[in-house]
Amino acid sequence: MLLSLVLHTYSMRYLLPSVVLLGTAPTYVLAWGVWRLLSAFLPARFYQALDDRLYCVYQSMVLFFFENYTGVQILLYGDLPKNKENIIYLANHQSTVDWIVADILAIRQNALGHVRYVLKEGLKWLPLYGFYFAQHGGIYVKRSAKFNEKEMRNKLQSYVNAGTPMYLVIFPEGTRYNPEQTKVLSASQAFAAQRGLAVLKHVLTPRIKATHVAFDCMKNYLDAIYDVTVVYEGKDNGGQRRESPTMTEFLCKECPKIHIHIDRIDKKDVPEEQERMRRWLHGRFAVKDEMLIEFYESPDPERRKRFPGKSVNSKLSIKKTLPSMLILSGLTAGMLMTDAGRKLYVNTWIYGTLLGCLWVTIKA
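It should be emphasised that the depicted structure is a prediction, and the values quoted were computed from it without experimental measurement.

A. Main features of the packing of helix H6 (residues 149-161) against helix H8 (residues 209-218). The contact between H6 and H8 brings their axes to 9 Å, and the two run at 35°. In the packing of H6 onto H8, the handedness of the crossing is right-handed. Facing H6, whose interface residues are Glu149, Met152, Arg153, Leu156, Gln157 and Val160, H8 presents Ala210, His212, Val213, Ala214, Asp216, Cys217 and Met218. Class assignment of the residues belonging to the contact of H6 with H8 gives a composition of eight nonpolar, two polar and three charged.

This is the structure in structure tokens:
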């Protein structure tokens, strides 16, 4: 009986965030859809500006749960500018929470609405979200030989031509690092060794295509590249690294701290030729690897479980997130209180998903 109560209490920790985040999706898509229709006769910049604002509202609600609700401690190292910039964000990839970390940094620069992702192809089939991410400026890419460089270039160039603010998030490893998946790690290390590159232990060998295309298209538009290294503290055992928390585990408060190191790199310091950029990018990941080895394995207790340099405990004010959660939750609750509202809500889930899937199929 006691065990059942404990398990029930544990599951309730992520039930509320899940219900609210998923439950408000139709409300958000409806609001966006209305604005998309109204803005059809206006200059594109008007649509983009309000779309970014709407996206900021939804992601602020996401951060209410992932920061304020969980109480996670955010420790920042390095040089995160206070003002928003047009940037490419390159980070190590280890958890589904990695997408939220980009939001965590962006909101501290008042750039949350400008976050756009390079996403793996399969995510375009997510109900409602898959279609909308593409409308907000997300780019779906296939891996390896199926990578469509021309399509990515065309999309990025259209954003640059339109003056779209860019906080473009790329995870160059292409898949999540998991120390327990030894075959993936071994294959990555063998690939690096065959090409005369440094063999990495705590990150995978980065892929160059998406990063090179993004930089080549936007080099005259960008202000900088952010090289971001992330550690989720809490699941390592006696210094030995374990699999990073999933979103569910994170919302169940299994991660007390996130360590985030930011290295702002001026665009003039990034090589433009693809092969040189490949070695540059691998070198950046070698630096990440060294920091992670120090973090997990340093014999000096003072240097373990921290990144080099001074850390800042960055707390996000609830004033930045709670209003968004209350607005979207209130609008959704109001819709569900009437028969017509409930019908519209259900139809948005059903037909919105079907139309979104049809759209991504046509665009494929």
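B. Examining the nonpolar core more closely. Ranked by internal contacts, the top residues of the largest apolar core, which has 59 residues, are Tyr89, Tyr167, Ile258 and Ile260. Ranked by the residues each element gives to this core, the list is headed by helix H3 (residues 44-69), at 12 residues. Beyond its immediate stretch of four places on either side in the chain, isoleucine 260 contacts Ile74, Leu75, Leu76, Tyr77, Val101, Ile104, Leu105, Val228, Thr229, Val230 and Phe307. Formed by 40 residues, the second largest nonpolar core is a distinct cluster that contains Tyr77, Val118, Tyr159 and Ala286.

C. Structural view of helix H4 (residues 98-107). The buried count for H4 comes to 10 of 10 residues, which makes it a mostly enclosed element. Among the residues making up H4, those that are buried are Asp98, Trp99, Ile100, Val101, Ala102, Asp103, Ile104, Leu105, Ala106 and Ile107.

D. Seen up close, the packing of aromatic side chains. Scanning the model with the defined rule gives 19 aromatic pairs in all. Measuring from centroid to centroid gives 6.2 Å for tyrosine 89 and tyrosine 167, while their planes differ by 40°, and the two rings are tilted. Remark: tyrosine 167 occurs in strand S5 (residues 167-170) and tyrosine 89 occurs in strand S2 (residues 87-91); sequence separation between them is 78 residues. Geometrically, the ring pair formed by tyrosine 167 and tyrosine 226 is edge-to-face, given 6.2 Å between the ring centres and 85° between the ring planes. Taken together, the residues tyrosine 167 in strand S5 and tyrosine 226 in strand S6 (residues 224-233) connect sequence positions 59 residues apart. When sorted by exposure, tyrosine 167 lands in the same class as tyrosine 226, which is buried. Site record: aromatic cluster; members linked through ring pairs are Tyr28, Trp32, Tyr55, Tyr58, Trp99, Tyr117, Tyr129, Phe131, Tyr132, Phe133, Phe171 and Trp359.

E. Broad picture of the packing of helix H2 (residues 25-38) against H3. Running from N to C, H2 and H3 cross one another at 170°; their axes reach a closest spacing of 10 Å. Compared by their axis directions, H2 and H3 come out roughly antiparallel. Contact residues: Tyr28, Ala31, Trp32, Trp35 and Arg36 in H2; Phe46, Tyr47, Leu50, Asp51, Leu54, Tyr55 and Tyr58 in H3. Here the residues of the contact of H2 with H3 are counted per class, giving 10 nonpolar, no polar and two charged.

F. Up close: the pattern of salt bridges. Scanning the model with the defined rule gives 17 salt bridges in all. Between lysine 201 and glutamate 297 there is a salt bridge, with the nearest N and O atoms lying 2.7 Å from each other. Residue lysine 201 is located in the loop between helix H7 (182-194) and H8, and its partner glutamate 297 is located in helix H10 (residues 274-297); the two are separated by 96 residues in the primary sequence. Classification of lysine 201 by relative accessible area gives partly exposed; the value is 39%. Salt bridges linked by common partners bring Glu149, Arg153, Asp216, Lys219 and Glu272 together as one network.

G. Quick peek at the UniProt feature "transmembrane region" (unreviewed entry) in the chain. The UniProt record annotates "transmembrane region" (unreviewed entry) at residues 14-35 and 344-362. Its end C-alpha atoms 31 Å apart, residues 14-35 is made of 95% helix and 0% strand. Structurally, residues 344-362 comprises 100% helix and 0% strand, and the distance from its first C-alpha atom to its last is 25 Å.

H. Region of interest: the pairing of strand S1 (residues 73-78). Pairing between S1 and strand S7 (residues 257-266): six bridges, direction parallel. Within S7, the residue paired with leucine 76 across the bridge is isoleucine 260. Summarising the sheet, S1 and strand S8 (residues 311-313) pair through three bridges and their orientation is antiparallel. Counterpart to tyrosine 77 in the pairing with S8 is serine 311.

Reading the values: the criteria
- Residue numbering note: each chain is counted from 1, following its sequence as written.
- Only residues with pLDDT of at least 70 get local features here, since the model is predicted, and only at 80 or more are side-chain atom pairs given and counted; chain-wide, interface and lining totals rely on the full set of residues.
- Excluded from the side-chain calculation are hydrogens and water; included are all heavy atoms of the structure.
- All axes here are fitted lines through C-alpha atoms, helices being fitted over the stretch that makes contact, and every angle between N-to-C directions spans 0 to 180 degrees.
- Secondary structure is summarised from DSSP: a helix means a run of H or I of at least four residues, a strand means a run of E of at least two, and numbering begins at the N terminus for each.
- By definition, any crossing whose near helix is turned counterclockwise from its far helix by less than a right angle is left-handed, and any crossing with a clockwise turn is right-handed.
- Contacts are residue-level and defined by heavy atoms, with any inter-residue pair within 4.5 Å sufficient.
- Note that Gly is not counted as nonpolar here; it falls among the polar residues with everything else outside the nonpolar set of Ala, Val, Leu, Ile, Met, Phe, Trp, Tyr, Cys and Pro and the charged set of Asp, Glu, Lys and Arg.
- Residues enter a nonpolar core if they are buried and are Ala, Val, Leu, Ile, Met, Phe, Trp, Tyr or Cys, with the set joined through side-chain atoms within 4.5 Å.
- Buried means the residue's accessible area, taken with a 1.4 Å probe over protein chains only, is under 20% of the maximum for its type, while exposed means over 50%, and partly exposed covers the values in between.
- What counts as a ring pair is set by centres within 6.5 Å for rings of Phe, Tyr and Trp (its six-membered ring), and what kind of pair is set by the plane angle: stacked under 30 degrees, edge-to-face over 60, tilted for all other angles.
- Roughly parallel here means an angle under 35 degrees, roughly antiparallel means over 145, roughly perpendicular means 65 to 115, and every remaining angle is called oblique.
- Definition used for salt bridges: Asp or Glu carboxyl oxygen within 4 Å of a side-chain nitrogen of Lys or Arg.
- UniProt positions are given in the numbering used here, feature names are shortened, and annotations may be inferred rather than shown by experiment.
- In this description, strands pair whenever DSSP reports at least two bridges between them.

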